[in-house]
Amino acid sequence: MLKRTFLKMGAALAVTASLASGASAAELNGPVNYIIPFGPGGESDISARFQQPFFKDKFGQDLVISYQPGGGGAVAWATLNGLSDDGQTIMGVNLPHIIIKPAQKDVGFKTEDLKVFHMFHFTPDAIIVRADSPYMTLEDLVEDAKANPAQVTISGSGKATANHLAHIKFDKMADIQTTYVPFKGTGAAVTALLGNQVKAEWGYSTVAATQGEEVRMLAVAMEERHPLFPDVPTFKELGYDMVGGAYRGIALPKSASDEVTGMWSDMIAEINNDPAFRQQMLDNGFAMLDVEAAGMEDFMAARSEEYLNDAREAGLIE
Amino acid sequence: MPDQQRQPEGHVGSLVISALFVIMGIVALYDTTGYYDRDSQVFPRTVAILMILTAGLSLVTRFLHPRESGGFGTGTWWRRVLLILAMFAGSLAIPHIGFLASGAIAFTGGLIAAMHDRWTVMTAALYAGSGAAVIIAFFALFRYVLHVPLP
Amino acid sequence: MEFGHFLSALTPFNLVLALFGVVAGTIVGSIPGLTATMALAVLVPITFSMDPASALILLGAIYTGAIYGGAYAAILLNTPGTPSAIATTFDGYPMAKRGDGDLAVALACFASVVGGLVGAFALLLLAPPLSKVALAFGPIEYFWLSIFGLSLIASLSTGNLMKGLAGGAFGMLLSTVGVAEVSADIRLTFGSQMLVGGFGVIGALIGLYCIPVLIDLVATPDRHLKVEEDVRSVRIGEAFRIAARSKFNLIRSSVIGTLIGILPGAGGSVAGLVAYSEAKRTARPDQKFGQGEPDGILATESANNATVGGGFIPTLVLGIPGTPPDAIVLGALLVQGVRTGPTMFSQSGSIVYTFIYGLLIATVLMLPAGLLIGRYAYKSIVNIPKAVLVPTVGFMTIIGTFSIRNSVTDVILMLGLGVFGWVVGRFGFAASPIVLGLILGPIAEQGFVQGWTIGSATGNLFGMFFGRSISQGIIAFTLLSLFLPLYTAWRQRKKPQEQS
């Protein structure tokens, strides 16, 4: 007991020491500011938190996460190009947000303004119901929606978001009409599902990982089944050509040099290739993605086209 | 609670502010016509109409029953203006000259505005010194302990 | 077994951490613009390198300390240090102005400890059943809850009802500025990029409450707070007697705070407002709420600290964080490999219970720490010459507002709103209705739109809005607090002889 206490005191001292040295290291090289353009608790935050210890471990610097919510991310992205481009500041980016928002109105940034250097994961779209729901399969839901147009209520996070676009797309593919109820963030949408306020939720596979036994995922929008849910079919298997979700990556200011961009792309790739990191992400329902700086242009172009098409058809943009 | 001093400007001022709220309501109402999504319209519309009604009612009752309460009260205007101008100037200068220098601008302005006693060399030195200490302490706290990227 | 967790929470190291956390949190909370979220976000990496339970105790202690610390600025500067302390300004600042600031700070401390303990015990003993509260609250219930909160405007603006309502509507309009939170539009920005991010609650609070105080302070040579000539003894005993007399108010407010804390998306500010509203509704005739009534502080401060324990209930049981600080703690737990959600209490019991006991210990430590810091804060605010106080507070508002999202725009908006608030406040449009509208507006809007969407889909709009039992209960309370004051006023007018 006493020995453990001493060990803990030692740990505390070490922590204090590392805090102190962190302060002085700021002048030399400094901890990296990792800005999340949303509040804490969402998928962007959680995945950044997972990266944090691996970054410290591999590169010896602290990754300091801060939150700058507002305007669905627009506030932070609009400030990115005013920040230092020496690689000490990076910012999380999300698809479809950085494509849809600037297409709607002038929100202070354009998609091309963000130098996205790595897309490291995505959360696949998924339809989720409560464990006691009468919908055992996706087909049950589709049949009910066909019999009772607009009466199947589905919660989701916000509008003009991945959830909303998935809802529009799926309704069209299955030739059904369901009612989408937008909530503020995934947490609120899940609360509404668990509280029986809606019949289903357009969410991500991460929701099924967090909620476990309480919910049932009917289908997931991946090429192949998620390793954590070997029993959940993909939309493709069920005859709906849907693969996608919300993609997350990291960006630098536009003026960052190629060396800085390359360095960051390599560093994030190294974390992404760590089996322990991959396992942790998968265990929490994320799906991995390894788009590095070199392949970013093609990736973004393909995604942009798809999102803008979907949004135009949905009447979200002109 | 607002002071209830008797001021001649209270009546007119109250009318003007009520009218301002009505106008802001109308502007907001106009803005809602340009939204894509019906869900975005319902709430601001309802609230804007509520604001026009309540501010309008306040305007009418105040017009029919003039009361003199309200007003800017006594006090030195140049001090108020100096304080606000210094704070605005300091804030606008942040991206250009950094936080420490712009903090000094805001602090000095506020100090002069709030100084009602006689200046002596002693107080000037003391207050300037404490100002520098405050600015540097907060700067250090935010920048190095909380890692806020202050320019 | 549970006692074992209590002992492991009680190691000297954890005690030191809890004390440090409470002190740091109190200081963080007392500075407007410096939030518990910010402090916790910076500290999370520490949890990677130390025992997770100890780290969590530190985070919890900072959180609970920050909610209490918010009361200082509310009482002494009329500026809520955190949104949770909005209703503390209603009576706290009038008390400070008349020279009872030290008493108010001590009252806030007692109330915070009681509220924190009630919330933490609810978390310890009743978490799984209470988490059902979060699920029972649907969009419509949130809508009516926000209407209940807004009804406080009526009783706050006696004699100026129309202006109060107009101010509330203005606040709600302010809350819609920028990119809409759930719908897909960008509203009321008039093409300006400055407004895309909207008015942040914290920046708006600082502007609307603090800037007018500063403007008034510089205009005249009067002292900021009245100070009694004779040096009185410490007023802890007096505060304790008042708190003990109002034990029913304390318990009711703590329970309200715990329950509202459980609702994700409501939070400490709503809890404080609802508890204040209830305390005011049930007040004795001799109590003058809004003019320095101690029970107003007791209600708000016990309710907002109770939301700390309450908020961890859905966070730990359902994996759904109620407030941003809860979300950060949740993130720290996930990184540690702790699976939150229904099975957490059985699977990761030892970490969870050590954390809850740590929270309890931190709350108890808040009593001596809070009283001590409170006295010091009061003395320094009273003794600092005005010429230094004003620019210091002014600088704090700038740096605090800037740090929320590293944005100069936010600072400019804060100052602009402050000047606007000062001008309209001079003509009867008080700040509090605007702030109420700003805070409750989004809850009302989202609840209404979601409820309307679901109600139309299922073809039962009326039943959606009026047919659900929790909604009916909230509606009843709203009507009660709206019309009871009118009724009592009418009764008193009928027998005018009674009041001299």
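None of the values given here were measured: they were computed from a predicted structure. (Residues numbered from 1 in each chain as written. Chains lettered and ligands numbered in written order. Predicted model: local features only at pLDDT ≥ 70, side-chain atom pairs only at ≥ 80, totals over all residues. Heavy atoms only, no water.)

Peer 1: Give a detailed account of the overall build of chain B, specifying residues and quantitative values.
Peer 2: When its secondary structure is counted, chain B shows 4 helices and 0 strands. Ordered by position from the N terminus, the helices and strands of chain B form the series α-α-α-α. The C-alpha radius of gyration computed for chain B amounts to 23 Å, which surpasses the reference 15 Å derived for 151 residues by more than 25%, pointing to a less compact arrangement than a globule. Expressed along its principal axes, the backbone C-alpha trace of chain B runs to roughly 55 × 45 × 25 Å. For chain B, with 151 residues in total, the buried portion stands at 44%. Once local pairs closer than 6 in sequence are excluded, the contacts in chain B between residues at least 24 apart make up 62%. When the accessible surface of chain B is split by element, carbon and sulfur atoms take 73% of a total near 7700 Å². Distance from the positive charge centre (9 side chains) to the negative charge centre (7 side chains) of chain B: 6 Å. (Helix = DSSP H or I, 4+ residues; strand = E, 2+ residues; numbered from the N terminus. Rg over C-alpha atoms; globule rule 2.2 N^0.38 Å. Buried < 20%, exposed > 50% of the residue type's maximum accessible area, 1.4 Å probe, protein only. Contact = heavy atoms within 4.5 Å. Areas by Shrake-Rupley, 256 points an atom, 1.4 Å probe, with all protein chains shown as cover. Lys, Arg positive; Asp, Glu negative; His and termini not counted. Charge placed at Lys NZ, Arg CZ, Asp CG, Glu CD.)

Peer 1: Which residues make up the overall build of chain A, and what values go with them?
Peer 2: Secondary structure summary: chain A contains 11 helices and 10 strands in total. Relative to the compact-globule value of 20 Å for 318 residues, chain A shows a C-alpha radius of gyration of 21 Å, a close match. For chain A, long-range pairs separated by at least 24 residues make up 75% of all intrachain contacts whose partners lie at least 6 apart in sequence. When the accessible area of chain A is evaluated, it comes to approximately 12300 Å², of which 53% is carbon and sulfur surface. Of the charged side chains in chain A, 25 are positive and 41 negative, and the gap between their average positions amounts to 5 Å.

Peer 1: Any details on the interface of chain B and chain A? Residues and values, ideally.
Peer 2: Taken together, the contact between chain B and chain A spans 6 residues of the former and 12 residues of the latter. Buried surface at the junction of chain B and chain A, both sides included, amounts to about 860 Å², of which 54% is carbon and sulfur. When the buried area of chain B at its contact with chain A is split by residue, Tyr36(B), Tyr144(B) and His147(B) rank highest and sum to 67% of it. Between the two partners, chain B and chain A, sit 2 salt bridges. The interface formed by chain B and chain A includes 2 residue pairs in polar contact (both at pLDDT 80 or more). The residue inventory of the side of chain B that touches chain A, partitioned by class, reads 3 nonpolar, 1 polar and 2 charged. (Buried area = accessible area lost by both parts, 1.4 Å probe. Salt bridge = Lys/Arg side-chain N within 4 Å of Asp/Glu carboxyl O. Polar contact = N/O pair within 3.5 Å; in protein donor to acceptor, adjacent residues only side chain to side chain. Nonpolar A, V, L, I, M, F, W, Y, C, P; charged D, E, K, R; others polar.)

Peer 1: Tell me what's going on with the domain arrangement of chain B, and back it up with residues and numbers.
Peer 2: Under the domain assignment, chain B is made up of domain 1 (9-64) and domain 2 (77-145). For domain 1 of chain B versus domain 2 of chain B, the separation of C-alpha centres amounts to 38 Å. (Domains from an automatic or database assignment.)

Peer 1: Which residues make up the environment of Thr397(C), and what are the values?
Peer 2: With respect to the secondary-structure elements, Thr397(C) resides in helix 18 (residues 386-405). Once the C-alpha coordinates of Thr397(C) and Gly319(C) are considered, the two residues, 78 residues apart in sequence, prove to be 35 Å apart. Leaving out residues up to four positions away in the same chain, Thr397(C) has contacts with Met87(B), Ile206(C), Cys210(C), Ile211(C) and Met414(C). Polar side-chain contacts of Thr397(C) include one of 2.5 Å to the backbone oxygen of Gly394(C).

Peer 1: Account for the domain arrangement of chain A, naming residues and giving values.
Peer 2: Residue and element names in this part refer to chain A. What the domain assignment lists for chain A is domain 1 (30-122 + 245-313) and domain 2 (125-220). For domain 1 versus domain 2, the separation of C-alpha centres amounts to 27 Å. Here domain 1 meets domain 2 over a buried area of about 1100 Å², counting both sides, of which 56% is carbon and sulfur. When the area that domain 1 buries against domain 2 is broken down by residue, the three leading residues are Glu43, Gly285 and Asp310, summing to 35%. Put simply, domain 1 and domain 2 have 3 salt bridges between them. Of the charged contacts, one joins Lys169 and Asp310 as a salt bridge, the two residues approaching to 3.7 Å between their closest N and O atoms. Across the contact surface, domain 1 and domain 2 share 4 residue pairs in polar contact (both at pLDDT 80 or more). The leading source of residues in the side of domain 1 that touches domain 2 is helix 11 (residues 296-313), at 5 residues. Grouping the amino acids of the side of domain 1 that touches domain 2 by side-chain chemistry returns 6 nonpolar, 4 polar and 6 charged.

Peer 1: Would you mind going over the interface of chain B and chain C in detail, with residue names and values included?
Peer 2: Taken together, the 78 residues of chain B in the interface contact 71 residues of chain C. For the pair chain B and chain C, the summed buried area comes to about 6100 Å², and 80% of that belongs to carbon and sulfur atoms. The interface formed by chain B and chain C holds 0 salt bridges in total. At the junction of chain B and chain C, the tally comes to 11 residue pairs in polar contact (both at pLDDT 80 or more). Elements represented by at least two residues in the side of chain B that touches chain C include exactly helix 1 (9-32), helix 2 (38-64), helix 3 (77-114) and helix 4 (121-145) of chain B.

Peer 1: Go over the nonpolar core, please, and point to the residues and values.
Peer 2: With 295 residues, the main nonpolar core has Ile98(A), Met119(A), Trp264(A), Phe21(B) and Phe90(C) as its most contacted residues. Examining the composition of this core, we find that 24 residues originate from one element, helix 6 (residues 86-136) of chain C, more than from any other. Ile127(A), Val142(A), Ala145(A) and Ala219(A) belong to the second largest nonpolar core, which has 21 residues in total. (Core = buried A, V, L, I, M, F, W, Y, C linked by side-chain atoms within 4.5 Å.)

Peer 1: Describe the confidence of the model for chain A, naming the residues involved and giving the relevant values.
Peer 2: With 91% of its residues at a pLDDT of 70 or more, chain A has an overall mean of 87. Predicted confidence is poor over residues 1-28 of chain A, with pLDDT under 50, and the contacts of this stretch with residues over four places away or in other chains come to 17 contacts. (pLDDT = per-residue confidence, 0-100.)

Peer 1: Pulling in residues and values, what's your account of the packing of aromatic side chains?
Peer 2: Scanning the model with the defined rule gives 38 aromatic pairs over all chains in all. When the ring of Trp77(B) is compared with that of Trp422(C), the centres are 5.8 Å apart and the planes differ by 80°; the resulting orientation is edge-to-face. Note that Trp77(B) is positioned in helix 3 and Trp422(C) in helix 19 (residues 408-425), a pairing that runs across two chains. Since its relative accessible area comes to 42%, Trp77(B) is described here as partly exposed. Accessibility expressed as a relative area gives 6% for Trp422(C), which makes it buried. (Phe/Tyr/Trp six-rings, centres within 6.5 Å; stacked < 30°, edge-to-face > 60°.)

Peer 1: Just give me the short version of the packing of helix 2 of chain B against helix 20 (residues 431-458) of chain C, but keep the residues and values in it.
Peer 2: For the pair helix 2 of chain B and helix 20 of chain C, interaxial distance at closest approach is 10 Å and the crossing angle is 130°. In this view, helix 2 of chain B runs oblique relative to helix 20 of chain C, as classed from their interaxial angle. Considering only the axes of helix 2 of chain B and helix 20 of chain C, their crossing is right-handed. On helix 20 of chain C, the residues touching Arg38(B), Asp39(B), Ser40(B), Val42(B), Phe43(B) and Pro44(B) of helix 2 of chain B are Gly441(C), Ala444(C), Glu445(C), Phe448(C), Val449(C), Trp452(C) and Thr453(C). Of the residues belonging to the contact of helix 2 of chain B with helix 20 of chain C, the class tally is 7 nonpolar, 3 polar and 3 charged. (Axes fitted to C-alpha atoms, helices over the stretch in contact; angles between N-to-C directions. Parallel < 35°, antiparallel > 145°, perpendicular 65-115°, else oblique. Left-handed = near helix turned anticlockwise from the far one by under 90°.)

Peer 1: Summarise helix 4 (residues 97-104) of chain A; cite the residues concerned and give the values.
Peer 2: A large share of helix 4 of chain A lies buried, amounting to 7 of its 8 residues. Every buried residue of helix 4 of chain A is listed here: His97(A), Ile98(A), Ile99(A), Ile100(A), Lys101(A), Pro102(A) and Gln104(A). Residues of helix 4 of chain A that are buried make contact with helix 3 (74-79), strand 3 (89-95), strand 4 (115-130), helix 6 (162-174) and helix 11 of chain A together with strand 1 (178-179) of chain C.

Peer 1: Outline helix 3 (residues 36-43) of chain C, supporting the account with residue identities and numerical values.
Peer 2: Since one α-helical turn is 3.6 residues long, residues separated by three or four positions face the same way. With 8 of its 8 residues buried, helix 3 of chain C lies for the most part within the structure. Where helix 3 of chain C is concerned, the buried positions are Ala36(C), Thr37(C), Met38(C), Ala39(C), Leu40(C), Ala41(C), Val42(C) and Leu43(C).

Peer 1: So what's going on with the environment of Ala28(B)? Residues and values would help.
Peer 2: Its location among the elements puts Ala28(B) in helix 1. For Ala28(B), a relative accessible area of 5% translates into the label buried. Among all residues touching Ala28(B), those that are not within four sequence positions of it are Ala48(B), Leu173(C) and Leu188(C).

Peer 1: Describe a nonpolar patch on the surface, and please don't skip the residues or the numbers.
Peer 2: Side chains of Leu479(C), Leu482(C), Phe483(C) and Leu486(C) sit close together on the surface and give an oily, nonpolar patch of about 370 Å² of accessible area. Here Leu486(C) shows up in helix 22 (residues 469-494). (Patch = residues over 30% accessible without salt bridge, like charges linked within 9 Å, V, L, I, M, F, W, Y side chains within 5 Å.)

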